[in-house]
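# Report on the structure
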Amino acid sequence: MKQTAYTIVLADPAHNRTAFVLDNVAATQRPAVARALMARPEGIEQVGFVCPYEGPAWGRLEMMGGEFCGNAARSFGLYLAQQRGLAGPAEVPVEISGCPHVLNVRVDTTASTARAEMPLPIEVLSVRLQEQDCPVIRFDGITHIIIPDQVPQEDWMHQAQQALSKRFDCDALGLLFWDTQQRFLTPVVTVRKTGTTVRESSCGSGCVALAVYLSQTCQNGAGTYVIEQPGGRISAQVIRQEGHIVQASIGGAVEIQPARTVQLTLPLAD
């Protein structure tokens, strides 16, 4: 084991606390760094690595398992705008793992808010789990299963992983426990490369998946859904034309803390 210093920035989008690692970390070391950060007392739920980039984006973020994360994308956009000293509203182009194109993040550095364009689902289907048909919304980089009116339990995650592993190769899997009466979402996300499963305070891509599900009866126009989660609220919007989703986004408040240096104890590299 060895101790290594890393510079990180903590972002808090609806308490889905995310660490941005500013150092250049080899891909093989990222799972260990992510696990060490998530074991710290700050309550970090996920980790992204700021990487060199080319092209029109202002920056690139690669998540700990190569997955996509909407909360991280919009937080990263706000961080980049702050780094450039921008005041007030701005539009920030970002690259993030799990998304094949540049995303636009509309930020307001004064209000500390960020709304990110989201990738569109590549498939909507269903799987049967414990005698219940559950909607599945697949994105590049993460697949979500919506489980209505059930208490989060490990057996749901095990069955979902078994059901989907036969059909898809998922970087990340989200179980969205949706209380239809209280209109309350509890997201549980597993990232394969890091071997982590977290009952998250909030999940941005999960909010879009739920908005896709809730908007199925809409043929044309925008459906906006303010989704309550353990960590707070996220606003998700889905725009449909002739029943097809043409645009999706999430938004809300984000807190960005100043950069800090932390010491992590990591296993020796092979």
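Source: prediction; values computed, not measured.

### Here we look at the overall build of the protein
Counting secondary structure elements, the protein contains four helices and 17 strands. Against the 2.2 N^0.38 benchmark of 18 Å for 270 residues, the protein shows a C-alpha radius of gyration of 18 Å, consistent with a compact globule. Each principal axis of the C-alpha distribution contributes one length, and for the protein these read about 50 × 40 × 35 Å. Here the protein holds 270 residues, and the buried ones make up 55% of them. Taking all contacts inside the protein whose residues are at least 6 apart in sequence as the whole, residues at least 24 apart take part in 59%. With an accessible surface of roughly 11900 Å², the protein has 46% of that area assigned to carbon and sulfur atoms. A gap of 1 Å separates the mean positions of the 21 positive and 26 negative side-chain charges of the protein.

### Side note on the side chain of His144
Relative to the helices and strands, His144 is located in strand 10 (residues 142-148). What makes His144 buried here is its relative accessible area of 0%. There is a polar contact of 3.3 Å between the side chain of His144 and the backbone nitrogen of Gly206.

### Examining helix 2 (residues 70-83)
The end-to-end C-alpha distance of helix 2, which contains 14 residues, comes to 20 Å, matching closely the 20 Å that a straight helix rising 1.5 Å per residue would cover. Burial analysis of helix 2 places twelve of its 14 residues in the buried class, which makes it a mostly covered element. Among the residues trailing helix 2, Gly85 stands out with phi positive, at a value near 75°.

### Observations regarding unusual backbone geometry
For residues other than glycine, phi is negative in most cases, and the peptide bonds are mostly trans. Even without being a glycine, His15 presents a positive backbone phi close to 65°. The backbone phi angle of Ser112 is positive, close to 60°, even though this residue is not glycine. As for its placement among the helices and strands, Ser112 is situated in the loop between strand 6 (103-108) and strand 7 (113-117).

### Notes on the nonpolar core
Counting residues in each nonpolar core, the largest one holds 73 residues, and the members touching the most others are Val21, Val33, Leu37, Val47 and Ile96. With sequence-adjacent residues up to four places away left out, Val33 is seen in contact with Tyr6, Val21, Val25, Phe49, Leu264 and Leu266. Formed by 17 residues, the second largest nonpolar core is a distinct cluster that contains Leu129, Ile147, Leu164 and Phe168.

### Concerning the packing of aromatic side chains
This model, assessed by the stated rule, comprises three aromatic pairs. Considering the side-chain rings of Phe20 and Phe76, the 5.6 Å spacing of their centres and the 75° angle between planes classify their relative orientation as edge-to-face. Within this pair, whereas Phe20 is found in strand 2 (residues 18-21), its partner Phe76 is found in helix 2, the two being separated by 56 residues in sequence. Judged on exposure class, the residue Phe20 and its partner Phe76 are both buried. The interplanar angle of 55° and the centroid separation of 6.1 Å between the aromatic rings of Phe20 and Tyr79 together place this pair among those described as tilted. With a gap of 59 residues between them, Phe20 in strand 2 and Tyr79 in helix 2 connect regions that are remote in the sequence. Judged by its relative accessible area of 0%, Phe20 falls in the buried class.

### Considerations on the pairing of strand 5 (residues 89-96)
Of the pairings in the sheet, the one linking strand 4 (residues 60-63) to strand 5 comprises two bridges and is parallel in character. Residue Arg60 lies in a different strand from strand 5, and its bridge partner there is Glu95. Here strand 5 pairs with strand 6 via six bridges, running antiparallel. From the neighbouring strand, Val94 faces strand 6, where its bridge partner is Leu103. What sits between strand 5 and strand 6 in their antiparallel hairpin is a turn of six residues, with Gly98 showing a positive phi close to 80°.

Conventions we followed
- Throughout, a residue's number is its position along its own chain's written sequence, starting from 1.
- A pLDDT threshold of at least 70 governs which residues receive local features in this predicted model, and a stricter bar of 80 or more applies before side-chain atom pairs are shown or counted, although totals over entire chains, interfaces and linings include all residues.
- To get the side-chain values, all heavy atoms of the structure are used, and hydrogens and water are removed first.
- Secondary structure elements follow DSSP: runs of H or I of four or more residues count as helices, runs of E of two or more count as strands, with numbering from the N terminus.
- Each radius of gyration reported is based on C-alpha atoms, and the globular scaling rule is 2.2 Å times the count of residues to the power 0.38.
- Here the term buried applies to any residue with accessible area under 20% of the maximum for its type, exposed to any over 50%, and partly exposed to those in between, with areas from a 1.4 Å probe on protein chains only.
- Whether two residues are in contact is decided by their heavy atoms: any pair within 4.5 Å suffices.
- In short, Shrake-Rupley with a 1.4 Å probe defines the accessible areas, and a residue's cover is counted only from the protein chains shown.
- Asp and Glu are treated as the negative residues and Lys and Arg as the positive ones, with His and the ends of the chain left uncounted.
- Every charge is mapped onto a representative atom, which is NZ of Lys, CZ of Arg, CG of Asp or CD of Glu.
- For this analysis, a polar contact is any N or O atom pair within 3.5 Å, provided that within protein one partner can donate a hydrogen and the other can accept it, and provided that sequence-adjacent residues contribute only side-chain to side-chain pairs.
- Take the number of residues in a helix, subtract one, and multiply by 1.5 Å to get its expected span.
- As used here, the term nonpolar core means buried Ala, Val, Leu, Ile, Met, Phe, Trp, Tyr and Cys residues forming a set that is joined through side-chain atoms within 4.5 Å.
- For this analysis, a ring pair means two rings from Phe, Tyr or Trp (six-membered ring only for Trp) whose centres lie within 6.5 Å, classed as stacked if their planes differ by under 30 degrees, edge-to-face if by over 60, and tilted for the remaining angles.
- Two strands make a pair as long as DSSP finds a minimum of two bridges between them.

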